[in-house]
Amino acid sequence: MLSKRIIPCLDVRDGKLTKGIKFKDNVDIGDPVETAKIYYEQGADEIVFYDITASHEGRSIMLKVVEKVAAQIFIPFSVGGGISSIEDMRAVLLAGAEKISINSAAVKNPSLISEGAEAFGSQCIVVGMDVLNVPVSSQIPSGYEVVIHGGRKPMGIDALWWAQEVEKLGAGEICLNSIDADGTKEGYELTLTRLIAENVRIPVIASGGAGHPEHMVEAVSKGKASAALIASIIHYGEWSIPEIKKYMHNQGVKVRLVW
Amino acid sequence: MLAIIDYKAGNLTSVKRALDYLEIPNKITASAQDILQSRGIIFPGVGAAGSAMQHLQKTHLGKVLKEAVAKDIPLLGICLGCQIILDFSEENKTHTLGLIPGKCLRFQEDLTEEDGSPINIPHMGWNQVTLKKDCLLFEGIEPEAEFYFVHSYYPAPEKEFILGTSFYGLEFCSVLGRENLWAVQFHPEKSGRPGLTLLKNFYNYVRSK
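Predicted model, so just to flag it, every value in this text is computed and none were measured.

**What about the interface of chain A and chain B?**
The partner chain B presents 33 residues to the 32 residues of chain A that form the contact. Carbon and sulfur atoms make up 54% of the surface buried where chain A meets chain B, a total of about 2700 Å² over both sides. When the area that chain A buries against chain B is broken down by residue, the three leading residues are M1, F74 and R201 of chain A, summing to 30%. Summed over the shared surface of chain A and chain B, the number is 2 salt bridges. In this structure, E98 of chain A and K190 of chain B form a salt bridge, with 3.4 Å as the shortest nitrogen-oxygen distance. Our enumeration of links across chain A and chain B arrives at 16 residue pairs in polar contact (both at pLDDT 80 or more). Every element with two or more residues in the side of chain A that touches chain B is listed here: α2 (56–72) and α3 (86–94) of chain A.

Written out as structure tokens, the structure reads:
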């Protein structure tokens, strides 16, 4: 049986972590490669890099980061942020990433999903979805709306419809981020997670709201997610990955315990 | 030197990166001379069986691989490389290399995981391997270790060649082989320390031979 995955997410700007990561011994680290290596050694099942660099120069710095990560880390990792063409995808994959993640670009140009899947295989293509809780309407029958640009721009697209659409287009995985839950540390949006996970046949990664390992347990049990994305809960030393995995294991969740 | 077979099937560099990290001499190559003179061969690959076989036939690399195996040069197949050393693949209904008797089959959509939920295809993520026979590749690897899989088809060799199995909707063969010829369905180069140990074990065997 597959283990449920725990996936740290690192935000990178101009080749540096946007915020320094504090480990339990209070060492502050700003280097994404070094941080990723520590998480790899602590048992992360996968790592997500989210590049928020805007400039062109920054993009090539990110590729250097990807190359360095690939030379030292032997688990899958994905790169998202600013990828809007097949050429962008190819560059990131050739630099050594296992998967690429597209979000706004997929909403604006859905054929990017099918072209990416055709060129590199569905397993490479993760579609990120930012979702907002809205009143049920004929346009948004699920009550969950897709938004882009970090949640600032509602798109008038129903999240459930979009999830099934990206599956049809050839996405290999969905990273489902609840804008409402993000940053609250009160747990993942379980109703949303379950709604999407039960209505697609590709893995769903729950994102947004993790503040305690119990939230990860809920995401994969009640929420039916295949994986949980985590960020601040480990970045600021509240919990370590081994502690989280041990907690999940004790709650009966199958996680990878030997690494 | 280990020869990593270059047959335009996916990301060969991830295998190379892992070998470089382990300081194992290696070369990505499509040259018959390199392959037949190497101490050991890694046959990786992601992608579809049909186009991979077409390329192997067109370039005569398939024949070179058969010759290398006949010369008892140790070979390790990975993922697609594990599937196409069998006789036949359901993927694109392809006749494959036939180095080990057996077929490659597709996961059926109606299979369920142990908790009753329907399986997703591909089988993607971390899973365990239960050894059915001693296998030197697994020396020093804990029985609970997990490996990273990404595949929609699984190898089904004749029983005597099954070395290890995994469970995903059904029990399937994830490690197969015989002396000097092994293949794993998972990606050791993406499986953390246990995967790197497996690659190291292969190289240690190659060196001792």
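**Points about helix α7 (residues 190–199) of chain A**
Residues and elements named next belong to chain A. Every buried residue of α7 is listed here: L190, L192, T193, I196 and A197. End-on view of α7: buried residues confined to an arc of 160°, all on one side of the axis. Lining the buried residues of α7 we find β8 (125–133), β9 (144–148), α6 (159–169), β11 (173–178), β12 (204–207) and α8 (213–220). Where α7 begins, the side chain of E189 points an oxygen toward the backbone nitrogen of T191, at a separation of 3.2 Å.

**Considerations on the confidence of the model for chain B**
Taken as a whole, chain B shows an average pLDDT of 95; of its residues, 99% reach a score of 70 or greater. Per the prediction output, this complex has pTM 0.95; the corresponding ipTM is 0.94.

**Some words on the sheet that holds strand β13 (residues 171–178) of chain B**
All names here are of chain B. Spatial strand order, β2-β1-β3-β4-β14-β13-β12-β9: 8 strands in an open sheet with mixed pairing. Every other strand in the sheet has two partners, leaving β2 (26–29) and β9 (130–131) as the edge strands with one partner each. Helix α1 (residues 13–21) rests against β1 (2–5), β2, β3 (40–43) and β4 (75–78) of the sheet, and its axis sits at about 165° to β2.

**With respect to helix α5 (residues 111–120) of chain A**
Residue and element names in this part refer to chain A. Among the residues of α5, L112, I113, G116, A117 and F120 are the ones counted as buried. All buried residues of α5 project into a common sector of 130° when viewed along the axis, lining one side. Here the buried face of α5 lies against α3, β7 (99–102), α4 (104–108), β8 and α6.

**Description of the packing of aromatic side chains**
All told, the structure shown has 17 aromatic pairs over all chains when counted by the stated rule. Between W239 of chain A and Y247 of chain A, the aromatic rings sit 6.3 Å apart at their centres with planes inclined by 75°, giving edge-to-face as the arrangement. On the accessibility criterion, W239 of chain A (23% relative accessible area) is partly exposed. Between the aromatic rings of W182 of chain B and F202 of chain B, the centroid separation amounts to 6.2 Å while the plane-to-plane angle is 85°, which identifies the pairing as edge-to-face. In this pair, W182 of chain B sits in strand β14 (residues 181–184) while F202 of chain B sits in helix α6 (residues 192–208), placing the two residues 20 residues apart along the sequence. For the pair W182 of chain B and F202 of chain B, one class covers both residues: buried. Positioned above the aromatic ring of W126 of chain B is the side chain of R256 of chain A, whose terminal nitrogen or guanidinium carbon lies 3.7 Å from the ring centre.

What counts and what doesn't
- Residues numbered from 1 in each chain as written.
- Chains lettered and ligands numbered in written order.
- Predicted model: local features only at pLDDT ≥ 70, side-chain atom pairs only at ≥ 80, totals over all residues.
- Heavy atoms only, no water.
- Contact = heavy atoms within 4.5 Å.
- Buried area = accessible area lost by both parts, 1.4 Å probe.
- Salt bridge = Lys/Arg side-chain N within 4 Å of Asp/Glu carboxyl O.
- Polar contact = N/O pair within 3.5 Å; in protein donor to acceptor, adjacent residues only side chain to side chain.
- Helix = DSSP H or I, 4+ residues; strand = E, 2+ residues; numbered from the N terminus.
- Buried < 20%, exposed > 50% of the residue type's maximum accessible area, 1.4 Å probe, protein only.
- Arc of directions from axis to C-beta.
- pLDDT = per-residue confidence, 0-100.
- Pairing = 2+ DSSP bridges.
- Axes fitted to C-alpha atoms, helices over the stretch in contact; angles between N-to-C directions.
- Phe/Tyr/Trp six-rings, centres within 6.5 Å; stacked < 30°, edge-to-face > 60°.
- Lys NZ or Arg CZ within 6 Å of the ring centre and 35° of its normal.

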